[in-house]
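# Reading the structure
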Amino acid sequence: MTDGPRQRSSTAGSAKDGDKESGGGGVALKKEIGLVSACGIIVGNIIGSGIFVSPKGVMENASSVGLALIVWIITGIITAIGALCYAELGVTIPKSGGDYSYVKDIFGGLAGFLRLWIAVLVIYPTNQAVIALTFSNYVLQPLFPTCFPPENGLRLLAAVCLLLLTWVNCSSVRWATRVQDIFTAGKLLALGLIIIMGIVQICKGEYYWLEPANAFEPLQDYNVGFIALAFLQGSFAYGGWNFLNYVTEELVDPYVNLPRAIFISIPLVTFVYVFANIAYVTAMSPQELLASNAVAVTFGEKLLGVMSWIMPISVALSTFGGVNGSLFTSSRLFFAGAREGHLPSLLAMIHVKRCTPIPALLFTCLSTLLMLCTSDMYTLINYVGFINYLFYGVTVAGQIVLRFKQPNIHRPIKISLIWPVIYLLFWAFLLIFSLYSEPVVCGIGLAIMLTGVPVYFLGVYWDNKPQCFDAFVDKMTYLGQKFCVVVYPAESSSSGSGEEGEEMKEAMSPLSKDDGDNHKSADC
């Protein structure tokens, strides 16, 4: 984590060589993500294994079927409001990196670095490791029908899944988005099957738990604390709604496709979540649903008979696509962080021919493989889940701050401030409840995040590092370039070309002037 400019000068020759090798026009991240792939990234990252395996967290805390469905609807609406705020930020600050880039440009380098630090250290490696382990569990389960698959076998298959998808992402952006499109379509078809079966059940008269008198029959006494926890669980289930903002610079016509993909995807996911839960209670009582460790599998066993194998395969396919989407977007976050001088500059380089951020992808893969070797990843997720949610609110608050700091900046989309205020009120309610109900867990999460403060001042803020350290970093960067065959992207290409590129540069420049950290200039 050293300064961008110093490293940039030491590798300038390599960059020029790469420009020549790629045809003289420089290399840059390609704009290959269209509207369908953009929707695939959002839907594929939100819908993981949760809706298939354990949608019971909301039901358990809401205490009734009716209230659980209301929670799913309200959290979907709040997620849509948050996504609307991110849509404005995404076209106002048209940089890859999502909330990291927005927090950094609005609140300064330290705030942005802390967002990046917690993502690099815990959030993405643990989430990807857990999704990969879920994939391997559902693939191996049929081979071990009477017992649990061996732990080492699960971790080995999860590692193979990660390595395969990292290779796909390193090879081609188009391949990665095609994989995402196919597996997102697969999981939507599986959920569509569940919803259709639920409609058939309703037509047969199996809607006892959907009748108002029964839907609100409490499984336990209603409790404000438990209901708040249900909303928190519902909000976590929609996690991933902001991932498209991490790849803004690779979107075709981002001013149009970013908001359009958000407006299509979030209502679609909300519809699927609500109606999948309705379908579940047409075949299972709330008690059966809460007792099941894999709700979709139990649902399939009850209604599909000999075809019940479809559900575990659907979960495996869903998680495989989830790993791909997470690798794709998280590598762009690390790429953006390195470009701003907050991570080693090697991570801000792309392959001279494939135009993919290979060092960032390898770094993402390696950190996830390391997480697979520890048994504490689930504990770490609990600790930092609160921090992840904290930064959603900080980012949306930044939208309001930006309205006053830069009132005249070009905003292709400008929403009413009532929307970020509504989101922040809901966010503050959940945040305060989290602190009240689990102060130790939240405190440890904050402590993990704050370990990034000394790292920031030593690695980023401190300019005059020892010459031997700079020489070592330059040498490692050069070796990394040779090994991965990567160079810095061309300065102007990734922001688009022609008129669109000029608009993007104009939108980004006012913020850059205000940021004291921005002497580490953006390369893409």
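Residues numbered from 1 in each chain as written. Predicted model: local features only at pLDDT ≥ 70, side-chain atom pairs only at ≥ 80, totals over all residues. Heavy atoms only, no water.

## Some words on helix H10 (residues 173-203)
When the terminal C-alpha atoms of H10 are compared, their 44 Å separation across 31 residues agrees well with the 45 Å that a helix rising 1.5 Å per residue should span. Two or three places before arginine 174, at the opening of H10, serine 172 has a side-chain oxygen 3.1 Å from that residue's backbone nitrogen. One or two positions beyond H10, positive phi appears at glycine 205, with a value near 95°. (Helix = DSSP H or I, 4+ residues; strand = E, 2+ residues; numbered from the N terminus. Expected span 1.5 Å × (residues − 1). Polar contact = N/O pair within 3.5 Å; in protein donor to acceptor, adjacent residues only side chain to side chain.)

## So, the packing of aromatic side chains
A complete count under the given rule lists 26 aromatic pairs for this structure. Relative to phenylalanine 426, the ring of phenylalanine 231 lies with its centre 5.8 Å away and its plane at 80°, an arrangement referred to as edge-to-face. With phenylalanine 231 in helix H12 (residues 224-237) and phenylalanine 426 in helix H19 (residues 418-437), this pair connects stretches of sequence that are 195 residues apart. Phenylalanine 426 carries the same exposure label as phenylalanine 231, and that label is buried. With a centroid separation of 6.0 Å and 70° between ring planes, the pair formed by tyrosine 389 and tyrosine 392 is classed as edge-to-face. (Phe/Tyr/Trp six-rings, centres within 6.5 Å; stacked < 30°, edge-to-face > 60°. Buried < 20%, exposed > 50% of the residue type's maximum accessible area, 1.4 Å probe, protein only.)

## Things to note about the packing of helix H3 (residues 35-46) against helix H16 (residues 310-339)
Two numbers describe a pair of packed helices, the interaxial angle and the distance between the axes. At a minimum axis distance of 8 Å, the contact between H3 and H16 shows a crossing angle of 120°. Taken together, the axes of H3 and H16 lie oblique to each other. Where H3 crosses over H16, the handedness of that crossing is left-handed. Here Ile41, Gly44 and Asn45 of H3 lie close against H16, whose contacting residues are Gly322, Gly325, Ser326, Phe328 and Thr329. Looking at the contact of H3 with H16, its residues break down into 2 nonpolar, 6 polar and no charged. (Axes fitted to C-alpha atoms, helices over the stretch in contact; angles between N-to-C directions. Parallel < 35°, antiparallel > 145°, perpendicular 65-115°, else oblique. Left-handed = near helix turned anticlockwise from the far one by under 90°. Contact = heavy atoms within 4.5 Å. Nonpolar A, V, L, I, M, F, W, Y, C, P; charged D, E, K, R; others polar.)

## Focus: unusual backbone geometry
Unusually for a residue other than glycine, aspartate 253 sits at a positive phi of about 50°. Tracing the chain through its elements places aspartate 253 in the loop between H12 and helix H13 (254-283). Classification of aspartate 253 as partly exposed rests on a relative accessible area of 33%. For cysteine 355, which is not a glycine, the phi torsion comes out positive at approximately 60°. Relative to the helices and strands, cysteine 355 is located in the loop between strand S1 (350-351) and helix H17 (358-372).

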